[in-house]
Amino acid sequence: MSNPFIELWRPHRYKVFYGGRGSGKSWAIAEALIVMSDMCKLRILCCREIQKSIKDSSYQLLKDTALRLGIAGRFVFLETEIRHKKTGSKIIFSGLLRNEQSIKSKEGVDICWVEEAQTVSESSWETLIPTIRKDGSEIWLSFNPLNADDPTTQRFVENPPPEAYVRKVNYDENPYFNDALRREMEWDKKNDFEKYLHIWEGFPRTFSDAQIFRGKFTVEPFDETLAEKADRLFFGADFGFAQDPSTLIRCFIYDKKLYIEYEAYGVGVEIDELPQLYRSVPGSDKWPIKADCARPETISYLRNRCGFNIAGAEKWDGCIEDGIAYLRAFEKIVIHPRCKHAADEFRLYSYKTDKTTNEVLPIILDKNNHVIDAIRYSLDGYITQSSLELFTAMGRQATL
């Protein structure tokens, strides 16, 4: 297993490590800082948004790291800072919230480590970043994302600045991930998949009444011989345009559950490249495929020129709502881990919310739905206009 933290030893203005619990982010950074302090003279600032006392800081982790490495005797651990006896390195600690003047006074910092950076406000970033201005200085971040729109996620993950190294690291890259954590992780994965995604996979929170498939899906391996026990396989395709992806999925129904087994997903796929994309899904050249009927010329090309048994899926007013109701009626939707885009879409597919009142509105957002649309098309003939009666009976609130 390669070391995900090797870039700590290479120059970058920003070194951003984010992800879920148990990934070893804080341990790796603490080890790098202790070893670097032992090698040469450094001034290191360790900060968090809120630090009421030294107990709230990374002080103890750094001290424990020096002890674990067997070099604690080379340091002096004072009440509020750590010093190296020979190199002269100094590690100091500070909170950011309501501490603007103190932060601005901390000049000459070589490395600033912002731990639990997900809680740092935009105003704190605007104060801190210009303060760390020494030539060659670096800002290191470690955090587990909170919300997709929090300042740290937006600033460093969604829109990273120049000279930033950004790396997501999760428990599966930590060779020291212990059995106690693994048991906790497996329980969350089995019993509360959305919680698992946030806590262990490092996805921002999307827990919202607007999530269309909240509580209805899981992502886990399953016995692939189940497909042989099912009555049939279903294939569905959604055609891409510009930045919208082209997709093909393979799924089946067994024991009141829908299993998403394979997916093909590509952005910028030209029409003559679709056959190659489709053939990456086993059985696509043998089974019927249902696709978006809005592209009859593409369907004709794939059927007449390429030999796929493909036809357009029926559409009608309310077909999307009917499809949602049909999918939600399954006891569970089980997504194989290799279907990463399907997993993402089921997590993010949402109704619109009123930005002022946060009310969930009866408007389905037209995004995060390219795999989901393909699944709906695949079930053409199963999802019918009569499904609208089911949708109405369940009530729109039941789909939220």
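Relevant structure appears above.
Computed from a prediction, not measured in an experiment: that's the story for all the values here. (Residues numbered from 1 in each chain as written. Predicted model: local features only at pLDDT ≥ 70, side-chain atom pairs only at ≥ 80, totals over all residues. Heavy atoms only, no water.)

**Remarks on the pairing of strand 1 (residues 14–18)**
Piece 1. Across the five residues of strand 1, five count as buried, placing the element largely inside the fold.
Piece 2. Where burial is concerned, the two faces of strand 1 agree: the one with Tyr-14, Val-16 and Tyr-18 and the one with Lys-15 and Phe-17 are both buried.
Piece 3. Sheet topology note: the strand 1/strand 8 (residues 164–168) ladder contains five bridges and is parallel. If you follow Lys-15 over to strand 8, its bridge partner there is Tyr-165.
Piece 4. The pairing of strand 1 with strand 7 (residues 138–143) spans five bridges and is parallel. Its bridge partner lying in strand 7, Val-16 is registered against Leu-141. (Buried < 20%, exposed > 50% of the residue type's maximum accessible area, 1.4 Å probe, protein only. Helix = DSSP H or I, 4+ residues; strand = E, 2+ residues; numbered from the N terminus. Pairing = 2+ DSSP bridges.)

**Topic: unusual backbone geometry**
Piece 1. Positive phi, normally seen in glycine, also occurs at Asp-255, with a value near 55 degrees.
Piece 2. Within the chain, Lys-256 stands out as a residue other than glycine whose phi angle is a positive 65 degrees.
Piece 3. Locating Lys-256 in the fold gives a position in the loop between strand 11 (245–254) and strand 12 (257–267).

**As for a nonpolar patch on the surface**
Piece 1. On the surface, a nonpolar cluster with roughly 320 Å² of combined accessible area is contributed by Ile-6, Trp-9 and Met-39.
Piece 2. For Ile-6, the position within the fold is in the segment before strand 1. (Patch = residues over 30% accessible without salt bridge, like charges linked within 9 Å, V, L, I, M, F, W, Y side chains within 5 Å. Areas by Shrake-Rupley, 256 points an atom, 1.4 Å probe, with all protein chains shown as cover. Salt bridge = Lys/Arg side-chain N within 4 Å of Asp/Glu carboxyl O.)

**Structural notes on the nonpolar core**
Piece 1. Residues Phe-213, Ile-260, Ile-333, Ile-335 and Ile-375 are the most contacted members of the largest nonpolar core, which totals 39 residues.
Piece 2. If you look at the next biggest cluster of nonpolar residues, it comprises 28 residues, including Ala-28, Phe-75, Ile-91 and Ile-111. (Core = buried A, V, L, I, M, F, W, Y, C linked by side-chain atoms within 4.5 Å.)

**A short note on the sheet that holds strand 14 (residues 310–313)**
Piece 1. The seven strands are arranged 9-15-12-11-10-13-14 in an open sheet whose pairing can be described as mixed. Two strands bound the open sheet, and with one partner strand each, they are strand 9 (217–219) and strand 14. Taken over all neighbouring pairs, the strand axes of this sheet differ in orientation by 30 degrees on average, direction set aside.
Piece 2. Pairing between strand 10 (residues 234–238) and strand 11: five bridges, direction antiparallel. Bridging across to strand 11, Phe-235 finds its partner in Arg-250.
Piece 3. Those strands touched by helix 10 (residues 296–305) are strand 13 (289–292) and strand 14, and its axis lies near 155 degrees from that of strand 14. (Axes fitted to C-alpha atoms, helices over the stretch in contact; angles between N-to-C directions. Contact = heavy atoms within 4.5 Å.)

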